[in-house]
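# A closer look at the structure
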Amino acid sequence: MPGTIDLRSDTITKPTPAMRDAMSRAPVGDDVLGDDPTVIELERRTAEILGKEAAVYMPSGTMTNQVAIRCHTEPGDEILCDANAHSYLYECGGPAAISGATCRLLAGVRGIFTAHDVVAALRPANVHYPRTRLVCVENTHNRGGGSIWPLGQIGEVAQVAREANLKMHLDGARLWNASVASGAPERQYAKHFDSVSVCFSKGLGAPVGSALAGAAEFIDKARRFRKMLGGGMRQAGIIAAGALYALEHHRQRLAEDHANAKRLAEGISKLSGIDLDPALVETNIVILRVMSMPPEKLAAKLKGEGVLILAIGPDKIRAVTNLMVTEQDIDEALRVFRKVVSS
Ligand SMILES: *Cc1c(COP(=O)(O)O)cnc(C)c1O
C-alpha cells in the first residue's frame, strides 16, 4: 500500500537498491556441497562477530532455534525458558515436535529472568524427573518489548547453568539491537552461550535468513539437523549476499530505529486511554496497553489512516520501528494516533 507507515514488524523491510546490487553480483555455488563462496563468507563473518568457531546459515530464526534445541537435547529432556519466549510461544510447539523436549517456563520480568529463577527450577537427581539440559535466553526480548538483558545478569545465569551442567542457548534474533543500544559488542553477550541464533531479516533488513553460531563440532551437528529439516539450500549465496550486506552496512543504523521508537513512545504516552512508559522502550519495539477500545478496533482505525500496527493480546498493541520508517513517518504516525484515539 503506497503511503502507508508499516510498524507491524521489523520483518517487513525490503532490500535496498545497494543490497539488491550486492545480491545480483554475488558469486554462488551448491552450498549443500560446501561450494557457495558467499554463504561461506557470511558464516565466517557471523562467527567472527560473535566470537565463535563456526556458524551455519539457515532460512529462518525458527529453524536456527529449533535446530539448536535439537542439538542440545534428547527426547524427554527439559528446557528452561521465559514464559513468553519466542522459541516456546511462536515456533509451533517446535521443542515438543522436533526435539521431544518439554519447556519449563520461568516468570521473567519483561522476558528477563534471574539466576535465582534458574536455581529454583533445578531438579534433584531422581529417576522420576526429566533431565534438564538447556537454558534459553532471548535478547532483546520480543514480547518483553525489546527489553535488553543486563550483561551481568546473563553472566549470573550462565554461571549457575554451568554449575548445574546445563547448556546455554541465546535467541539473538535482535542481538544486533541489544549491542547498538547498550554499546556492548555482540561477542560480549555471545561468550556466555554454547549456541547463538541471530536473524538477518529483522532490523538488519535482509530479505531472508538467520545463522546459528557455536563451537565447530556443534555446528557440524547443526548442519545435519538443518539438512534433515529441509534447510539445506543450494545457490543460497543470492540471499546470503543480502545478509552479508546488512551485516556490514545496517547494524549501526539501528540507532535510528531506537530513536524513532523512543519518539513514537513519548508521543503516544501523552494520549489518554493508553498506558505506556516510554522509559521502558530500550530498542525498536513499542508495546502499549489500550484502555479505551479493543486493540483490534484501534488497529483497524489506524489502518484506515495508513498506519499499520499489530494487536498482540486482549488489550495490547505492538509497533516496531524499522529500516522503512523515517522520523517524518513517526511524526505522521503520531498525528494519526492522536486523531484516532481522541475520536
Ligand atoms: C522473529 C524471531 C525469531 C525467528 O523468526 P523467523 O520468522 O522464523 O525468522 C526468533 N526469535 C525471536 C525473538 C524473534 O523475534
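Keep in mind that what you see is a predicted model, and the values were worked out from it rather than measured.

Let us look at the pairing of strand β13 (residues 316-320). Counting buried positions over the five residues of β13 gives four, a clear majority of the element. Here strand β10 (residues 285-290) pairs with β13 via five bridges, running antiparallel. Note on β13: the bridge partner recorded for R289 is K316. Relative to β13, strand β12 (residues 310-311) is paired through two bridges, and the arrangement is antiparallel.

So, about the domain arrangement of the chain. Parsing the chain into structural domains produces domain 1 (5-12 + 253-342) and domain 2 (17-249). For domain 1 and domain 2, the distance between their C-alpha centres works out to 28 Å. Facing the 16 residues of domain 1 at the interface are 19 residues of domain 2. Of the roughly 1500 Å² buried at the junction of domain 1 and domain 2 (both faces included), carbon and sulfur atoms supply 52%. Interface area lost by domain 1 to domain 2 is led by D10, L254 and E282, which between them contribute 35%. Along the contact surface separating domain 1 from domain 2 lie two salt bridges. The closest approach of N and O atoms between E282 and R110, which form a salt bridge, is 3.6 Å. If you look at where domain 1 meets domain 2, you find seven residue pairs in polar contact (both at pLDDT 80 or more). For the side of domain 1 that touches domain 2, the secondary structure elements donating two or more residues are α12 (254-269) and β10. Element by element, the count of residues in the side of domain 1 that touches domain 2 is highest for α12, at four residues. The residue inventory of the side of domain 1 that touches domain 2, partitioned by class, reads seven nonpolar, four polar and five charged.

Now for the site of the ligand. Residues in close proximity to the ligand include S60, G61, T62, N65, H86, E91, E138, N142, D171, A173, R174 and K202, which together make up its full environment. Residue N142 places a side-chain N or O atom 3.2 Å away from an oxygen atom belonging to the ligand. Taking D171, its side chain carries an N or O atom lying 2.6 Å from a nitrogen atom of the ligand. For the ligand, whose unbound accessible area comes to 380 Å², protein coverage reaches 85%. Ranked by residue count, the leading element in the shell around the ligand is helix α3 (residues 61-72), at three residues. Within the shell around the ligand, the residues separate by chemical class into one nonpolar, six polar and five charged.

Strand pairs in the sheet, formed through backbone hydrogen bonds, run parallel or antiparallel to each other. Reading across the sheet, the four strands line up as β9-β10-β13-β12 and stay open at both edges, with antiparallel pairing between neighbours. The outermost strands of the open sheet, each flanked by one partner alone, are β9 (274-275) and β12. Here β9 runs beside β10; their pairing, made up of two bridges, is antiparallel. Bridged to D275 within β10 is R289. On top of the sheet, helix α13 (residues 295-304) reaches β10, β12 and β13; it is set at about 40 degrees to β13, its chief contact.

Trans peptide bonds make up the majority, and among non-glycine residues the majority have a negative phi. At the junction of N139 and T140, the peptide bond is cis and its omega measures out at -5 degrees in the coordinates. Following the sequence through the fold, T140 ends up in the loop between β5 (132-138) and α7 (151-163). Positioned with a positive phi, C92 is a non-glycine residue whose angle comes to about 60 degrees. Residue position: C92 is located in the loop between α4 (86-89) and α5 (94-99). The exposed category is assigned to C92, whose relative accessible area is 79%. Positive phi outside glycine occurs at R110, with the angle close to 50 degrees. Along the chain, the position of R110 falls in the loop between β4 (102-106) and α6 (115-121).

Cut-off values and rules
- Residues numbered from 1 in each chain as written.
- Predicted model: local features only at pLDDT ≥ 70, side-chain atom pairs only at ≥ 80, totals over all residues.
- Heavy atoms only, no water.
- Buried < 20%, exposed > 50% of the residue type's maximum accessible area, 1.4 Å probe, protein only.
- Helix = DSSP H or I, 4+ residues; strand = E, 2+ residues; numbered from the N terminus.
- Pairing = 2+ DSSP bridges.
- Domains from an automatic or database assignment.
- Contact = heavy atoms within 4.5 Å.
- Buried area = accessible area lost by both parts, 1.4 Å probe.
- Salt bridge = Lys/Arg side-chain N within 4 Å of Asp/Glu carboxyl O.
- Polar contact = N/O pair within 3.5 Å; in protein donor to acceptor, adjacent residues only side chain to side chain.
- Nonpolar A, V, L, I, M, F, W, Y, C, P; charged D, E, K, R; others polar.
- Near = heavy atom within 4 Å.
- Areas by Shrake-Rupley, 256 points an atom, 1.4 Å probe, with all protein chains shown as cover.
- Axes fitted to C-alpha atoms, helices over the stretch in contact; angles between N-to-C directions.

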